[in-house]
Amino acid sequence: MVSTRARVTTGLLIGAIAVALAGCAPAPTPATDAATGGAGDYCARMVTNSGGLNDRSFNQSSWEGMQQAEQEFGIGAEVLVSTGETDLAPNVTQAVDSGCQFVLTVGFELADATLAEATDNSDIHFAIVDETVDAPNVKPILFDTAQASYLAGYLAAGVSKTGKVATFGGGNQPPVTLFMDGFVDGVAKYNEAHGTAVQVLGWDKQAQDGVFTGDFEDINKGKTVTQGFIDQGADVILPVAGQVGEGAASAALEAGGVSLIWVDNDGYETLPDEYQPIVLTSVMKNTGDAVVQIIGDDIDGTFSPDPFVGTLENGGVALAPFHDLAASVPAELSAEIDALNDQIVAGTITVDSPSTP
């Protein structure tokens, strides 16, 4: 059987031939070409959490995936931007009322509204990023970021000159603390391998408690918290706090000799250019690729509510390049990190966390 994706391409080719034969006849578009099958009438809507669209985090990368799906499959895609808690449920309702077949919501704040609308609209397929919603028409998009954060923690311990590194979060929630757990374990692994005693400020894995700013938008909070860590001697900082992390970048840049590890996407590419010299690496969630895959499956009629879990093995999570700071990472350390990556993929090292999806 020819897939819907193949039919999209075939439909466009047929349309192009028709234009050549008819001279002035307009080419059919993917939205109106009957040859495209389900994709011709297909549209998708996305709802951001209260962090807005350009959060340099999962809202932004999720929307990039929607845009890629729009181009790849010839569908219609739009985003409803939430700027506060009062926007959340109404935006999900508006997305459902659009008549589109697929609705993507981003973050735990949208879990209740997603479940409510999914329950009332069983004919619509939903997906939610970084949260689990148990319904037959909702697909959770999750990431085992502890695996990649483990590598980041090992890296941070290996490059630290002060013997102190730090992490903080926007809120004490599983998608946040998962990063922090992996980071702490990676530092511990480095200490075990090298007989060192690099200290992690900001997170106690055993107690599952640490430093949080209480939101994901206030950049000034991120700068204040990070300055406190720097004053205590930390020279590598991992903020897990969305836009708040830009404050951490600002404090690190002003302090000098302090590097930053970003999360969700490659901070070297998404943060303002002025911060590129201090971005050591990023713990990336390839959210966009997951969104494209899930929408493609939905178009093909193979949607499943089984969670998508991104791992090092399937490329759902990864450590970004070292970019401008590559020279500060010894070849031996880089090789050790590559070996650890392979061991995690092979299952000989298991990165555990209470928040593991």
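Caption draft 1: Region of the structure containing the sheet that holds strand β12 (residues 279–285). Taken together, the 6 strands give an open sheet; going across it, the order is β7-β6-β10-β11-β12-β14, and neighbouring strands pair in mixed fashion. The sheet is open, and its two edges are formed by β7 (199–201) and β14 (317–319), each paired on a single side. If you compare each strand with its neighbour and ignore which way they point, the axes differ by 15° on average. Strand direction decides the pairing type here: strand β11 (residues 259–264) and β12, joined by 5 bridges, are parallel. For L260, the partnering residue across the bridge sits in β12 and is V279.

Caption draft 2: Here's a closer look at the pairing of strand β2 (residues 76–80). Summarising the sheet, strand β1 (residues 43–47) and β2 pair through 5 bridges and their orientation is parallel. Directly across from R45, in β2, lies its bridge partner E78. Once you follow β1 into helix α2 (residues 58–73) and on to β2, the crossover reads as right-handed.

Caption draft 3: Geometry of the side chain of T145. With respect to the element layout, T145 can be found in helix α5 (residues 145–159). T145 has contacts with L178, F179, V283, K285 and V317, leaving out every residue within four places of it along the chain.

Caption draft 4: Just helix α8 (residues 245–255), in detail. Counting buried residues in α8 gives 8 out of 11 residues, a clear majority hidden from the surface. Every buried residue belonging to α8 is among G245, E246, G247, A248, A249, S250, A251 and A252, and all of these are buried. Buried residues belonging to α8 abut β6 (164–169), α7 (219–231), β10 (236–240) and β11. Phi turns positive one or two residues past the end of α8, at G256, with a value near 75°.

Caption draft 5: Seen up close, helix α4 (residues 111–120). Among the residues of α4, those classed as buried are A111, A113, T114, E117 and A118. Along the axis of α4, the buried positions cluster into a sector of 165°, meaning they face one direction only. Exposed residues lying more than 90 degrees from the buried face of α4 are D112, T119 and D120. Buried residues in α4 make contact with α3 (85–97), β3 (102–106), β4 (125–129) and β5 (138–143).

Caption draft 6: Quick peek at the pattern of salt bridges. Considering all chains together, one arrives at 7 salt bridges under this definition. Between K189 and E192 there is a salt bridge, with its nearest N and O atoms 3.9 Å apart. One end of the pair, K189, and the other, E192, are both in helix α6 (residues 174–194), 3 residues apart, so they sit about a helical turn from each other. As a salt-bridge pair, D264 and K285 come within 3.0 Å of each other at their nearest N and O atoms. In this pair, D264 sits in strand β11 while K285 sits in strand β12, placing the two residues 21 residues apart along the sequence. For D264, a relative accessible area of 6% gives the class buried. You can call K285 buried: its relative accessible area is 4%. Among the charged side chains, a salt-bridge network with shared partners connects D130, D264 and K285.

Caption draft 7: Main features of the packing of aromatic side chains. This structure, assessed with the given rule, holds 4 aromatic pairs. Ring centres of Y154 and Y190 lie 5.1 Å apart, and the angle between their planes is 80°; on these two criteria the pair is classed as edge-to-face. Of this pair, Y154 sits in helix α5 while Y190 sits in helix α6; the two residues are 36 residues apart in sequence, bridging distant segments of the chain. Relative to F212, the ring of W203 lies with its centre 5.8 Å away and its plane at 85°, an arrangement referred to as edge-to-face. Look at W203 and you get buried, because its relative accessible area is 6%.

Caption draft 8: Quick peek at the nonpolar core. Core analysis: the biggest nonpolar cluster contains 65 residues, and M66, L104, I141, F183, I261 and I295 have the highest contact counts within it. Among the elements that take part in this core, α5 stands out by supplying 10 residues, more than any other. If sequence neighbours within four positions are ignored, M66 has contacts with A44, R45, M46, A77, E78, L104, V291 and I295. Residues V225, A251, L260 and Y275 belong to the second largest nonpolar core, which totals 22 residues.

Rules and cut-offs
- Residues numbered from 1 in each chain as written.
- Predicted model: local features only at pLDDT ≥ 70, side-chain atom pairs only at ≥ 80, totals over all residues.
- Heavy atoms only, no water.
- Pairing = 2+ DSSP bridges.
- Helix = DSSP H or I, 4+ residues; strand = E, 2+ residues; numbered from the N terminus.
- Axes fitted to C-alpha atoms, helices over the stretch in contact; angles between N-to-C directions.
- Right-handed = clockwise from strand over helix to strand, strands pointing away.
- Contact = heavy atoms within 4.5 Å.
- Buried < 20%, exposed > 50% of the residue type's maximum accessible area, 1.4 Å probe, protein only.
- Arc of directions from axis to C-beta.
- Salt bridge = Lys/Arg side-chain N within 4 Å of Asp/Glu carboxyl O.
- Phe/Tyr/Trp six-rings, centres within 6.5 Å; stacked < 30°, edge-to-face > 60°.
- Core = buried A, V, L, I, M, F, W, Y, C linked by side-chain atoms within 4.5 Å.

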